[in-house]
Amino acid sequence: MRKLHSIMFAGTGSDVGKSVIAAAFCRIFRQDGYHPAPFKAQNMALNSFVTPDGLEIGRAQVVQAEAAGVAPHTDMNPILLKPQSDHTCQVVLNGKVEGNKDAYYYFKKEGRQVYRRAVCDAYDRLSRQYNPIVMEGAGSISELNLRDTDLVNMPMAMHAGADVILVADIDRGGVFASVYGSIMLQRPEERKHIKGILINKFRGDIRLFQSGVKMIEELCHVPVIGVVPYFKDIHIEEEDSLQLSSKLHSAHAEGKVSVAVVLLRHLSNFTDFDALEHDARIHLFYSNNVKDMAEADIIIVPGTKNTLADLYELRRNGMAEAIVKAHRNGKTVLGICGGYQILGQEIADPDHVEGQVDRLPGLALLPVRTVMNGQKTTRQTSFALSRLQPSALHGYEIHNGSTFATIDEPVTPLCYKADGSTDGCVADAKCMGTYMHGILDNAEFVDFLLKPYAQRIAQSQPQESYADFKERQYNLLADHVRKHVDMKKVYQILTDSSHD
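This write-up is about the structure you can find in this document. Note that the coordinates shown come from a computational prediction; the quantities given were computed from them, not determined experimentally.

### Quick notes on the sheet that holds strand β11 (residues 194–202)
Sheet architecture is open: 6 strands sit in the order β2-β9-β1-β10-β11-β12, paired in parallel fashion. Lying at the two open borders of the sheet, with one neighbouring strand each, are β2 (37–39) and β12 (224–229). In this sheet, neighbouring strand axes are inclined to one another by 20° on average, regardless of whether the strands run parallel or antiparallel. Where β2 meets strand β9 (residues 133–136), 3 bridges bridge the pair, whose relative direction is parallel. Within the sheet, the bridge partner assigned to Phe39 lies in β9 and is Met135.

Below is the structure:
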């Protein structure tokens, strides 16, 4: 195949759809016979994933890697920032925790070259293996106050010699000003890299915007490569927990098993529940309402970036009591990662890894206790639900702390790992916990979770595997974008010899 330039999807702002557009192009290039790979120099998100070699990257780049048909690698997201408060974040560099940093000090010019070298080296390694590199910017490309310390937008595009496509969200309004302003605020050498404009999330008859396309091209002297309509019927995993606001928050579901995910303040890895959203037997919703806990059939306490803070909040707002009462009244309760820790007898933090609280009593639904420590566990795992079964299920662990039985006799594990160790705890058929993210992507475990409600869902149709579902969505996304983007123009841009 001919060598293509790298392509960067940069934005006029945050949440304009860069991640999804990048995923679409990863799948399009793959369909067209290329060997693409995603790249985002620096990502800020609570949703993360563990690569096959046990290192941590942002979930968005995993989605893009899946669309590209390649295994995720830390070079695809060399810096991951995981917010811990309004002013601090955990810095994950090349898949490993570097430490917690105050935002002011992280973005200072001093020492910035270390991070710049790291992201450039990661890109260079990828570019030697894949063709093309599908790059994603972050936020807006015109944050002038951050220009000198920017690692992810135009400085990265210039290092890569990438062709930049500016993505604008027309749905939020002000598209002419945002596109024109974003381009005009670039330095002349940066502006040369902007080769196309993509208008995203259009609603209505595209023919009505044809004059608008012409106006933008005349104003900016940059071609509009496409106007992509807003869609609701294609399901791609979201990167940001802001998307939770658009998810269902109603407990009522006629003829389905109602599953409530507790809406924790520091909820992380909410993509754990995407498979349940598309299961015809299940009505999934998110809630921090005490009343909803009594109405749900299954309550899931999810992962969290700050377990002790969220446990304290559950006790303060009455949710802890509501969850315990719901289980007492026959509801199923499942804890995942931090949620597993919360369901135990106690969480101790003697080294103050998460804050200044030494210990808090848990919900005491599981006979285990957790001790926090500074060592983060990150690994992919194969497991089974019985010692007698082959390890055919898959998940991944990302957690601080170790969890132990609180009684002399060993607890009943939930998962039996391929390496002979165990994970999690089962108190009874309707109360269990696990460190295993992705456990709900396994149909066998979902069937196990729904077993007490089998009579209600006996007439349901066979379920499509979540892996097959995701593959179908990537193809639908590629078809949607391909239909509304001038791919001939894109390939002309990516092979223009005057660029080199």
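### A word on the side chain of His266
Secondary-structure assignment places His266 in the loop between β13 (257–262) and α9 (274–277). For His266, the side chain forms a polar contact with the side chain of Asp310, separated by 2.9 Å. Apart from residues no more than four positions distant in its own chain, His266 is found in contact with Leu46, Gln84, Gly303, Thr304, Lys305, Asn306, Ala309 and Asp310.

### Regarding the sheet that holds strand β23 (residues 425–428)
The mixed open sheet is built from 6 strands, whose spatial order is β14-β13-β15-β16-β24-β23. Each of the sheet's edge strands pairs with one partner strand only, and the pair in question is β14 (282–287) and β23. Each neighbouring strand pair of the sheet contributes to a mean axis angle of 15°, computed without reference to strand direction. In the sheet, β23 pairs with strand β24 (residues 431–434) via 3 bridges, with the strands oriented antiparallel. Note on β24: the bridge partner recorded for Asp428 is Cys431.

### Quick look at the environment of Ala260
Relative to the assigned elements, Ala260 resides in strand β13. A relative accessible area of 0% means that Ala260 is categorised as buried. Put simply, Ala260 and Ser85 are 175 residues apart on the chain and 25 Å apart in space, counted from C-alpha to C-alpha.

### Regarding the packing of aromatic side chains
For the structure on display, the rule yields 14 aromatic pairs. Plain terms: the ring middles of Phe25 and Phe29 are 5.9 Å apart, the flat faces sit at 50° to each other, and that makes the pair tilted. Here Phe25 and its partner Phe29 are both found in helix α1 (residues 18–31), 4 residues apart, which amounts to about one turn of the helix. Arranged with centres 6.3 Å apart and planes meeting at 80°, the rings of Phe29 and Tyr34 form a pair that is edge-to-face. We note that Phe29, like Tyr34, is buried. Directly above the ring of Tyr106 sits Arg112, whose terminal nitrogen or CZ lies 4.6 Å from the centroid. Across the ring face of Tyr230, the terminal group of Arg203 is positioned such that the distance to the ring centre comes to 3.8 Å.

### Remarks on the packing of helix α2 (residues 59–68) against helix α15 (residues 466–484)
Remark: α2 packs on α15, axes separated minimally by 10 Å, with the N-to-C direction vectors making an angle of 80°. Taken together, the axes of α2 and α15 lie roughly perpendicular to each other. Together, Val63, Glu66 and Ala67 of α2 and Lys470, Glu471 and Tyr474 of α15 make up the contact between the two elements. Residues that form the contact of α2 with α15 fall into these classes: 3 nonpolar, no polar and 3 charged.

### Observations regarding the environment of Phe176
For Phe176, the location among the structural elements is in helix α6 (residues 175–184). The sequence separation of Phe176 and Val213 amounts to 37 residues, and the corresponding C-alpha distance is 9.6 Å.

### Structural notes on the environment of Asn77
Relative to the helices and strands, Asn77 is located in the loop between α2 and β6 (79–83). For the pair Asn77 and Ala427, spaced 350 residues apart in sequence, the C-alpha separation works out to 39 Å. Those residues in contact with Asn77 that sit more than four places away from it in its chain are Lys40, Ala41, Gln42, Asn43, Ile57, Gly58 and Gln61.

What counts, and where the lines are drawn
Residues numbered from 1 in each chain as written. Predicted model: local features only at pLDDT ≥ 70, side-chain atom pairs only at ≥ 80, totals over all residues. Heavy atoms only, no water. Pairing = 2+ DSSP bridges. Helix = DSSP H or I, 4+ residues; strand = E, 2+ residues; numbered from the N terminus. Axes fitted to C-alpha atoms, helices over the stretch in contact; angles between N-to-C directions. Polar contact = N/O pair within 3.5 Å; in protein donor to acceptor, adjacent residues only side chain to side chain. Contact = heavy atoms within 4.5 Å. Buried < 20%, exposed > 50% of the residue type's maximum accessible area, 1.4 Å probe, protein only. Phe/Tyr/Trp six-rings, centres within 6.5 Å; stacked < 30°, edge-to-face > 60°. Lys NZ or Arg CZ within 6 Å of the ring centre and 35° of its normal. Parallel < 35°, antiparallel > 145°, perpendicular 65-115°, else oblique. Nonpolar A, V, L, I, M, F, W, Y, C, P; charged D, E, K, R; others polar.

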